[in-house]
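# Structural overview for review
In case you want the letters, here they are:
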Amino acid sequence: MSSEYTVLRVRVTAEDAETLRDLLRDHRPDIGGRVRQNADGSLTFDAYVSPEQREALARDRVSLETVEDATATGRARQAEVGEGDRFAPEDAVPQGLALKVRDI
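How each quantity is defined
Residues numbered from 1 in each chain as written. Predicted model: local features only at pLDDT ≥ 70, side-chain atom pairs only at ≥ 80, totals over all residues. Heavy atoms only, no water. Pairing = 2+ DSSP bridges. Helix = DSSP H or I, 4+ residues; strand = E, 2+ residues; numbered from the N terminus. Axes fitted to C-alpha atoms, helices over the stretch in contact; angles between N-to-C directions. Contact = heavy atoms within 4.5 Å. Buried < 20%, exposed > 50% of the residue type's maximum accessible area, 1.4 Å probe, protein only. Polar contact = N/O pair within 3.5 Å; in protein donor to acceptor, adjacent residues only side chain to side chain.

Next up on the list: the sheet that holds strand β2 (residues 30–37). Taken in spatial order, the four strands make up an open sheet running β2-β3-β1-β4, and their pairing is antiparallel. Two strands bound the open sheet, and with one partner strand each, they are β2 and β4 (62–69). When strand polarity is set aside, the average angle formed by the axes of neighbouring strands in this sheet is 20°. Inspection of the sheet shows strand β1 (residues 8–14) paired to strand β3 (residues 43–49) by seven bridges, in the antiparallel sense. Within the sheet, the bridge partner assigned to Thr-13 lies in β3 and is Thr-44. Helix α1 (residues 17–27) rests against β1, β2, β3 and β4 of the sheet, and its axis sits at about 15° to β3. Set on the sheet, helix α3 (residues 70–79) makes contact with β1, β3 and β4; between it and β4 the angle comes to about 20°.

Judged by how many residues are buried, β2 sits mostly at the surface: zero of eight residues are covered. Linking β2 to β3, which pair antiparallel, is a turn of five residues; within it Gly-41 sits at a positive phi near 95°.

As a further point, take the environment of Asp-46. Mapping Asp-46 onto the fold places it in strand β3. With relative accessibility at 7%, the residue Asp-46 sits in the buried group. Distance in space between the C-alpha atoms of Asp-46 and Val-101 is 51 Å, their sequence separation being 55 residues. Aside from chain neighbours lying at most four places away, what touches Asp-46 is Arg-9, Val-10, Arg-11, Asp-30, Ile-31, Gly-32 and Arg-36. Among the polar contacts listed, one links the side chain of Asp-46 to the side chain of Arg-9, at a separation of 2.9 Å.

This is the structure in structure tokens:
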């Protein structure tokens, strides 16, 4: 799969608030949820990034953990969705403002 269409969900943990502010100011990742403070004083959040952006987030006093490939998860969920309207009766006639076309 091409990395240009790959989105990863990563868990970012910064040792302190200043490190976190620097990281967010420099990279502005797409954050999923809110920042949580851990018992040891470190700060953790989930972010959605490309593999290239993940590498750019790596720095001193920051740890990264890849949680999942969000693109693959999304595609798997889309495969679960059926086509058509499962609640429509088999003999339903479309309604609306469009013109009804007849086969000749």
